[in-house]
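Residue-level listing of the chains:
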Amino acid sequence: MRKLSLLLSGLLCINASARTDINLWPHEIIDAMDGQRLVLFLRDADIAASPAWRPAEQAQPPMTIAEAIRLLNAWMTKDPRYQGAQVHEIELKPIHEHEQEDRWYFLFQLRKREGERIKARYVAVMFNGTIVPVIAEPEPIK
């Protein structure tokens, strides 16, 4: 009986620790802009902290484009990979798999000259001010 009790206690501890780790992993959100497949990783806490927006009920989102650009510009000055980049395109996107919660974000395409080439980079700005670099999926090798 004691062995069974110890086994059950151990299983309960493992189960409890597994449940607390679930929210530590970010959600992988797949999106696209201008035919480029994009991946961003958003944490539950950031999604929950981002204000909801219901376009049918509220004409303006909780964050203006000007506010998002101001936050983005301040963020870009701290990372040399983004310094000198210019905003080329902005899209307002729902957070996939969180549409029922009315969660949205701004998706920015930035362009920066690197030598002879112009390189595109992507960044998400959530309505709570969180800025998330976005990964552009590489082209497949044919």
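From a predicted model like this one, the values you see are computed outputs, not experimental measurements. (Residues numbered from 1 in each chain as written. Predicted model: local features only at pLDDT ≥ 70, side-chain atom pairs only at ≥ 80, totals over all residues. Heavy atoms only, no water.)

Chemist: Quick question: what am I supposed to make of the overall build of the protein chain here?
Modeler: Looking only at helices and strands, the protein chain features three helices and six strands. Of the regular secondary structure in the protein chain, the N- to C-terminal order runs α-β-β-α-α-β-β-β-β. Across the 142 residues of the protein chain, 30% fall into the buried class. Within the protein chain, counting contacts between residues at least 6 apart in sequence, those at least 24 apart form 52% of the total. Total accessible area on the protein chain is roughly 9,600 Å²; 57% of this is exposed by carbon and sulfur atoms. (Helix = DSSP H or I, 4+ residues; strand = E, 2+ residues; numbered from the N terminus. Buried < 20%, exposed > 50% of the residue type's maximum accessible area, 1.4 Å probe, protein only. Contact = heavy atoms within 4.5 Å. Areas by Shrake-Rupley, 256 points an atom, 1.4 Å probe, with all protein chains shown as cover.)

Chemist: Please explain the side chain of Thr130 as it appears in this structure.
Modeler: Within the element layout of this structure, Thr130 appears in the loop between strand S5 (117-126) and strand S6 (131-136). Residue classification places Thr130 among the buried positions, given a relative accessible area of 19%. A distance of 3.0 Å separates a polar atom in the side chain of Thr130 from a polar atom in the side chain of Asn128. Filtering out sequence-adjacent residues up to four positions away, Thr130 remains in contact with Asp46, Ala124 and Val125. (Polar contact = N/O pair within 3.5 Å; in protein donor to acceptor, adjacent residues only side chain to side chain.)

Chemist: Looking at this model, I keep getting lost on the environment of Pro133. Mind explaining?
Modeler: Among the structural elements, Pro133 can be located in strand S6. Between the C-alpha atom of Pro133 and that of Phe108, which follows or precedes it by 25 residues, the distance is 9.7 Å. In this structure, Pro133 is in contact with Trp75, Tyr82 and Tyr122, ignoring residues within four places of it in sequence.

Chemist: Where do I start with the pattern of salt bridges in this structure?
Modeler: Two side chains bearing opposite charge may form a pair once their charged atoms approach each other closely. Taken as a whole and judged by the stated rule, the model has six salt bridges. One continuous salt-bridge network, built from bridges that share partners, spans Asp31, Glu91 and Lys93. (Salt bridge = Lys/Arg side-chain N within 4 Å of Asp/Glu carboxyl O.)

Chemist: Any chance you could explain the nonpolar core here in plain terms?
Modeler: Note on soluble globular proteins: their nonpolar side chains tend to be buried together. By size, the foremost hydrophobic cluster in this structure holds 15 residues, and its most contacted members are Leu72, Phe106, Phe108, Leu110 and Val125. Elements represented by at least two residues in this core include exactly helix H3 (65-76), strand S4 (104-114) and S5. The element that contributes the greatest number of residues to this core is S4, accounting for four residues. Residues contacting Leu110, with those up to four places away along its chain left out, are Leu72, Met76, Tyr82, Ala85, Gln86, Val87, His88, Lys119, Ala120, Arg121 and Val123. Grouped together as the second largest cluster of nonpolar side chains are 14 residues, Met33, Ile47, Tyr105 and Met126 included. (Core = buried A, V, L, I, M, F, W, Y, C linked by side-chain atoms within 4.5 Å.)

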